[in-house]
Amino acid sequence: MTTSPNPDGDVILTINGGSSSIKFAQFEVGDSLRRTLHGSLENMGQPHARLRAEGMSAADSVRVDEIASRPEDAVAFLVDWISQQLDTTRLRAIGHRVVHGGHVYRKPVRVTRTVLDVLRQLAPCDPDHLPGEIRLIEALMRRFPGTAQVACFDTAFHHGMPRVAQLLPIPRRYETQGVRRYGFHGLSYEFLMDELTRLAGTDVAQGRVILAHLGSGASLAAVHRGRSLDTSMGFTPASGLVMGTRSGDLDPGLVGYLGRTENMSVQAFDAMVNHRSGLLGLSETSSDIRELLATE
């Protein structure tokens with residue numbers, strides 16, 4: 001695959017590790033960033049995991065199907081494949097989108113063993129994303145031990161929300177344990193604010209703005225003067241709007257009802273609201289809005 005018109009330029013690698021997919025891109029560093037490779041590893045944990053990638057032209061497209069279904073094996077395959085595409089002497093840094101920074105991280109940080117230990121402590125807040133992200137970071141650290149890795153947190157954009165927007169209406173003692181509203185999709189919102197400034201000007205971007213991140217995961221954010229004031233997601237990414245497979249906000253009494261009537265465990269309830277609800281649960285056919293609209 002041809003990935004760069006300048007074989008001597010430094011490159012950085014960006015990684016967006018999700019619960020069932022990993023998106024990646026390579027950028028050549030110069031006066032501006034030039035994307036020379038991008039792709040995704042999809043359907044991790046399922047029998048039909050696959051790799052899709054594109055280089056500088058359509059002729060550089062790569063498709064690999066039937067990758068090992070275990071997430072750890074899929075990650076190992078991706079790291080091996082990326083290593084084959086890169087001249088490791090040119091790789092200067094790897095940037096990671098990390099979903100949850102808790103109350104600890106409010107800006108990007110260079111990944112160290114201490115940072116990884118903190119992320120492991122935060123993993124119960126987001127068991128669908130953080131363990132896989134940690135696994136991916138560690139795999140890349142082993143493969144590129146001298147390369148700086150930087151974690152950029154989806155919660156950071158909302159870190160300065162007013163206290164009234166952070167508090168959950170439950171006994172206050174839980175706040176000391178870090179149980180509060182964090183908000184997510186922050187990196188997307190930062191990009192949207194930059195684009196709004198570029199297209200509409202600073203005055204508009206610094207006014208009162210409602211932003212929407214709409215995809216398999218979906219949320220809204222209210223922003224004023226570039227600061228997040230409130231957002232639809234709260235303690236976990238399962239809250240807020242109806243999403244592809246996530247329920248969004250529910251009556252909390254449903255937990256007790258399903259426990260009494262179906263003997264549903266906490267683990268089963270968590271799996272249901274994260275992986276079998278939302279558009280998939282409502283339609284019982286697909287979580288993809290494009291497929292659902294096409295059947296009308």
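Now for a look at the structure at hand. These numbers were taken from a predicted model, which means no experiment stands behind them.

## A look at the overall build of the protein chain
- Regarding its fold elements, the protein chain presents ten helices and eleven strands.
- For a compact globule of 296 residues, the expected C-alpha radius of gyration is about 19 Å, and the protein chain comes in at 20 Å, within 12% of that figure.
- Counting only residues that meet the buried cut, the protein chain has 42% of its 296 residues in that class.
- Long-range contacts, defined as pairs at least 24 residues apart, comprise 56% of the intrachain contacts of the protein chain with a sequence gap of at least 6.
- About 16,000 Å² of surface is accessible on the protein chain, with carbon and sulfur atoms providing 53% of the total.

## A short note on the nonpolar core
- Ile15, Ile22, Phe24, Leu41, Trp81 and Ile82 are the most contacted members of the largest nonpolar core, which has 26 residues in total.
- Listed by contribution, the elements that provide at least two residues to this core are strand S1 (11–17), strand S2 (22–29), strand S3 (33–42), strand S4 (49–54), strand S5 (62–67), helix H1 (71–85), strand S6 (91–98) and helix H3 (130–143).
- The element contributing the most residues to this core is H1, with six residues.
- Other than its neighbours up to four places away in sequence, Ile22 contacts Ile15, Asn16, Gly17, Gly39, Ser40, Leu41, Met44, Val75, Leu78 and Leu136.
- Listed in part, the 17 residues of the second largest apolar core include Tyr105, Val111, Val115 and Val118.

## Things to note about the packing of H1 against H3
- Their axes nearest at 10 Å, the elements H1 and H3 cross at an angle of 40°. When the interaxial angle is binned, H1 and H3 end up oblique. Between H1 and H3 lies a crossing of right-handed hand. Mapping the contact onto sequence places Pro71, Glu72, Val75, Val79, Asp80 and Ser83 in H1 and Arg135, Leu136, Ala139, Leu140 and Arg143 in H3.

## What to know about the pattern of salt bridges
- A full pass over the atoms with the stated rule returns 14 salt bridges.
- One salt bridge in this structure joins Glu138 and Arg120, with 2.2 Å as the shortest N-O distance. Here the residue Glu138 occupies a position in helix H3, and Arg120 occupies one in helix H2 (residues 113–122), the gap between them amounting to 18 residues.
- Taking the relative accessible area as the measure of exposure, Arg120 reaches 37% and is therefore partly exposed.
- In this structure, the salt-bridge partner of Glu175 is Arg163, at a minimum N-O distance of 2.8 Å. A residue pair is termed long-range when its members are at least 10 positions apart, and Glu175 in the loop between helix H4 (163–166) and helix H5 (186–200) and Arg163 in helix H4 qualify at twelve residues.
- Given a relative accessible area of 23%, Glu175 falls into the partly exposed group.
- For Arg163, a relative accessible area of 44% corresponds to the partly exposed category.
- Bridged by salt links that share partners, the residues Arg113, Asp117, Arg120 and Glu138 form one connected network.

## Quick look at the sheet that holds strand S10 (residues 218–224)
- Across the sheet, which stays open at both edges, the three strands sit in the order S9-S10-S11 with antiparallel pairing between neighbours. The open sheet is flanked by strand S9 (208–214) and strand S11 (227–231), the only strands paired with a single partner. Mean inter-strand twist for the sheet, computed between neighbouring axes without regard to direction, equals 30°.
- Sheet topology places S10 next to S11; four bridges connect them, and they run antiparallel. From the neighbouring strand, Ala221 faces S11, where its bridge partner is Thr231.

Reading guide: rules and limits
- Residues numbered from 1 in each chain as written.
- Predicted model: local features only at pLDDT ≥ 70, side-chain atom pairs only at ≥ 80, totals over all residues.
- Heavy atoms only, no water.
- Helix = DSSP H or I, 4+ residues; strand = E, 2+ residues; numbered from the N terminus.
- Rg over C-alpha atoms; globule rule 2.2 N^0.38 Å.
- Buried < 20%, exposed > 50% of the residue type's maximum accessible area, 1.4 Å probe, protein only.
- Contact = heavy atoms within 4.5 Å.
- Areas by Shrake-Rupley, 256 points an atom, 1.4 Å probe, with all protein chains shown as cover.
- Core = buried A, V, L, I, M, F, W, Y, C linked by side-chain atoms within 4.5 Å.
- Axes fitted to C-alpha atoms, helices over the stretch in contact; angles between N-to-C directions.
- Parallel < 35°, antiparallel > 145°, perpendicular 65-115°, else oblique.
- Left-handed = near helix turned anticlockwise from the far one by under 90°.
- Salt bridge = Lys/Arg side-chain N within 4 Å of Asp/Glu carboxyl O.
- Pairing = 2+ DSSP bridges.

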